Amino acid sequence: MPADASLLARVERIVNATPAHDIHTHLYDPSFGSLLLWGIDELLVYHYLVSEAFRHFRMPYESFWNAGKPTQAEWIWDALFVRHSPISESCRGVVTVLNALGIDPRKGDLASLRGWFAGQDPAAYVDRVLGLANVASVCMTNSPFDDEERPGWETGFVRDPRFVAALRIDPLLLAWPSAVKRLQAWGYRVTGERNSANASEVRRFLADWTRRIDARYCMVSLPDDFAFPAESDAAWLIEHAVLPHGREHGQAFALMMGVKRAVNPALRLAGDGVGRSNLGALQHLCAANPDNRFLATCLSRENQHELVVLARKFRNLHPFGCWWFTNTPQFIAEITSMRLELLGTSFTPQHSDARVLDQLVYKWNHSRGILARCLADRHADLAASGWTSTDAEIARDARELLGGAFATFLGRE
Ligand SMILES: [Zn+2]
């Protein structure tokens, strides 16, 4: 039942006061300099907004991509904020960010917004954003295959303890023949054949990078047609390298399932779509590998119920997040309520997936509001059944849902 106003206010106060551990983002430790994106232009050229702006643009795709970032930002601002109301979730996010920073987005123009951001000190701005979002830690997405990022890790730097690492291995699993050449260049004796010598060299590569970045988990984003078991490089590598590595290092493997890459290649990063995954693959992984831990999130709304039921069957599976196309108020509320009703607090309802630092503010502000409502409704139902929850109990729930259950699952409490 919907919680009454006073219960809702209590739960909102508690959820807002509980720091979140953001378990998946595309942000970087500030030591990476320009790789950590922030500011109004980056907010506007976010790929979510690019695809929405192209609903209105009449220009050829290439004209947009050939323009510089400032021009792209101006076009998007004009299309989505000036000529139309910014009511989509991603547009509203920009409004939430500006408002939280004390800027009235309706006063002034893009030039004055840019002036405000240009006056910020980057280090102080990181502190301010993390404070406004009430985020205690940010998990990055770290790819050894990224030529801009890898040199930073190889050289080494003083880590900001708020930015923790996750090892992303999409090119290894999804483009094995080209990954072989890269691994060879880095000194790993791989040939591309599916044999035990190659598996052990891939394990050495995973172990080296796990140690180098102190990876909390290993991750891959998978297409909707991913199958396991299967006669594919990905299935072979998972079975013979990733899972043995996970067991040896006590490291969880995260699967982000259901992305259809380059549905419209002309949109570049904004051109990916969604497909319904076969969760039989995840079921097989969980059942056949009880000593491995799996984190999973699904991009398709149609997979959400099945994922929650799988998590009831397999304690080595931890559902997380409302990802990308499911990161809208309607779907977050639906998915979070379903998970609370079927799993209690043993999952992680949200991660920000932020690509731009400032997005932490809106993603957590919006998600916390919905999480508080869903949680308050559960406690209202509980009260109606004869169990009145204390503030301390609700605070325990909030801690579990905002990172505590995740840390317990990873064994890093
Ligand atoms: Zn992501």
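Residues numbered from 1 in each chain as written. Predicted model: local features only at pLDDT ≥ 70, side-chain atom pairs only at ≥ 80, totals over all residues. Heavy atoms only, no water.

Peer 1: What's the story with the layout of surface pockets in this structure? I'm lost.
Peer 2: Over the atoms rolls a probe the size of a water molecule, and its path tells where empty space is left. One number sums up the size of the largest pocket: a volume of about 1,100 Å³. Considering the residues around the largest pocket, the lining is formed by 38 residues, among which His 26, Tyr 28, His 47, Leu 269 and Arg 355 are closest to the centre. Listed by contribution, the elements that provide at least two residues to the lining of the largest pocket are helix 3 (47–53), helix 4 (61–66), helix 5 (69–82), helix 10 (170–174) and strand 4 (215–222). In terms of residues, the lining of the largest pocket owes the most to one element, helix 3, which gives three residues. Partitioned by chemical class, the residues of the lining of the largest pocket number 18 nonpolar, eight polar and twelve charged. (1 Å grid on protein atoms, 1.4 Å probe; cavity = no way out; pocket = protein on both sides within 12 Å on 5 of 7 lines; lining within 4 Å. Points joined across faces, edges and corners; volume = space filled by probe spheres on them. Helix = DSSP H or I, 4+ residues; strand = E, 2+ residues; numbered from the N terminus. Nonpolar A, V, L, I, M, F, W, Y, C, P; charged D, E, K, R; others polar.)

Peer 1: Would you explain the coordination of the zinc ion in this entry?
Peer 2: Geometry sets the ideal angles at a metal, namely 109.5 degrees for four tetrahedral donors and 90 or 180 degrees for six octahedral donors. In this structure, His 24 (NE2), His 26 (NE2) and Asp 353 (OD) serve as the protein donors to the zinc ion, at separations of 2.1 Å. Here the donor residues for the zinc ion map to a single chain with the spacing H-x1-H-x326-D. Under the relative-accessibility criterion, His 26 is labelled buried at 15%. (Donors = N, O, S within 2.8 Å, 3.2 Å for Na, K, Ca; no water. Buried < 20%, exposed > 50% of the residue type's maximum accessible area, 1.4 Å probe, protein only.)

Peer 1: Looking at this structure, how should I read the packing of aromatic side chains?
Peer 2: A ring pair, where both rings are aromatic, is described by two values, the distance of the centres and the angle of the planes. Counting across every chain of the model gives 24 aromatic pairs. Here Tyr 48 and Trp 324 contribute two aromatic rings whose centre-to-centre distance is 6.4 Å and whose plane-to-plane angle is 10°, an arrangement assigned as stacked. Note that Tyr 48 is positioned in helix 3 and Trp 324 in the loop between strand 9 (317–319) and helix 16 (329–343), a separation of 276 residues in sequence. Across the pair, Trp 324 and Tyr 48 agree in class, each one buried. Taking 5.3 Å as the distance between ring centres and 75° as the angle between the ring planes, the aromatic pair formed by Phe 54 and Phe 64 counts as edge-to-face. Here Phe 54 is found in the loop between helix 3 and helix 4, whereas its partner Phe 64 is found in helix 4, with ten residues between them in sequence. Taking the relative accessible area as the measure of exposure, Phe 54 reaches 13% and is therefore buried. Sitting over the ring of Trp 209, Arg 212 keeps its end group 4.6 Å from the ring centre. (Phe/Tyr/Trp six-rings, centres within 6.5 Å; stacked < 30°, edge-to-face > 60°. Lys NZ or Arg CZ within 6 Å of the ring centre and 35° of its normal.)

Peer 1: I tried to follow the nonpolar core on my own but got confused; where do I start?
Peer 2: Here is a general trend for soluble globular proteins: nonpolar side chains tend to be buried in one another's company. Formed by 145 residues in total, the largest nonpolar core has its most connected members in Leu 172, Leu 173, Tyr 217, Phe 253, Leu 317 and Leu 360. The element that contributes the greatest number of residues to this core is helix 17 (residues 359–384), accounting for eleven residues. Here Phe 253 is in contact with Ile 169, Leu 173, Cys 218, Met 219, Val 220, Ile 238, Val 242, Leu 243, Arg 293, Phe 294 and Leu 295, once residues within four sequence places are set aside. (Core = buried A, V, L, I, M, F, W, Y, C linked by side-chain atoms within 4.5 Å. Contact = heavy atoms within 4.5 Å.)

Peer 1: What is the right way to read the sheet that holds strand 1 (residues 20–22) from this model?
Peer 2: Through backbone hydrogen bonds, the strands of a sheet pair up, either in parallel or in antiparallel fashion. Overall, parallel pairing links the seven strands, which are arranged 1-2-3-4-5-8-9 in an open sheet. With partners counted over all chains shown, the strands left at the sheet margins are strand 1 and strand 9, one partner each. Each neighbouring strand pair of the sheet contributes to a mean axis angle of 25°, computed without reference to strand direction. As paired elements, strand 3 (residues 163–168) and strand 4 share three bridges and run parallel to each other. Residue Arg 168 lies in a different strand from strand 4, and its bridge partner there is Met 219. On top of the sheet, helix 17 reaches strand 1 and strand 2 (135–139); it is set at about 125° to strand 1, its chief contact. (Pairing = 2+ DSSP bridges. Axes fitted to C-alpha atoms, helices over the stretch in contact; angles between N-to-C directions.)

Peer 1: Help me understand the side chain of Thr 18 in this model?
Peer 2: Residue placement: Thr 18 occurs in the loop between helix 1 (5–17) and strand 1. Within the structure, the side chain of Thr 18 is placed 2.7 Å from the backbone oxygen of Ile 14, a separation counted as a polar contact. Once residues lying within four places of it in the same chain are set aside, the contact partners of Thr 18 are Asn 134, Arg 368, Ala 398, Arg 399 and Leu 402. (Polar contact = N/O pair within 3.5 Å; in protein donor to acceptor, adjacent residues only side chain to side chain.)

Peer 1: What's the story with the packing of helix 17 against helix 18 (residues 391–410) in this structure? I'm lost.
Peer 2: Axis angle and axis distance: for two packed helices, these are the angle between their axes and the distance between the axes, and together they describe the pair. Direction vectors running N to C along helix 17 and helix 18 enclose 135°, while the axes themselves pass 12 Å from each other. Considered as vectors, helix 17 and helix 18 are oriented oblique to each other. You can see that helix 17 and helix 18 cross each other, and the crossing is right-handed. Taking contact as the criterion, the partners of Trp 364, Arg 368, Leu 371, Leu 375 and His 379 in helix 17 are, on helix 18, Ile 394, Asp 397, Leu 401 and Leu 402. (Parallel < 35°, antiparallel > 145°, perpendicular 65-115°, else oblique. Left-handed = near helix turned anticlockwise from the far one by under 90°.)

Peer 1: Is there a simple way to think about the pattern of salt bridges in this case?
Peer 2: A side chain of one charge can pair with a side chain of the opposite charge if their charged atoms are brought near each other. Tallied over the entire structure, the rule returns 25 salt bridges. Among the ionic pairs, Arg 162 bridges to Asp 127, the shortest N-O distance being 2.8 Å. Separated by 35 residues along the polypeptide, Arg 162 in the loop between helix 9 (150–155) and strand 3 and Asp 127 in helix 8 (residues 122–133) bring together distant segments of the chain. A relative accessible area of 42% means that Asp 127 is categorised as partly exposed. (Salt bridge = Lys/Arg side-chain N within 4 Å of Asp/Glu carboxyl O.)

Peer 1: What exactly am I supposed to notice about unusual backbone geometry here?
Peer 2: For the bond from Phe 228 to Pro 229, the omega torsion is -5°, close enough to zero to count as cis. Among the structural elements, Pro 229 can be located in the loop between strand 4 and helix 13 (233–249). Although it is not a glycine, Arg 268 sits at a positive phi angle of roughly 55°. Structurally, the position occupied by Arg 268 is in the loop between strand 6 (259–260) and strand 7 (273–274). On the basis of relative accessible area, Arg 268 is assigned to the partly exposed category, the value being 43%.

Peer 1: Any chance you could explain empty space enclosed by the protein here in plain terms?
Peer 2: Summed over all chains, the structure comprises one cavity of 30 Å³ or more. Roughly 70 Å³ of internal volume is contained in the largest cavity. Ranked by the residues each element gives to the lining of the largest cavity, the list is headed by helix 17, at four residues. Of the residues assigned to the lining of the largest cavity, the class counts are six nonpolar, three polar and one charged.

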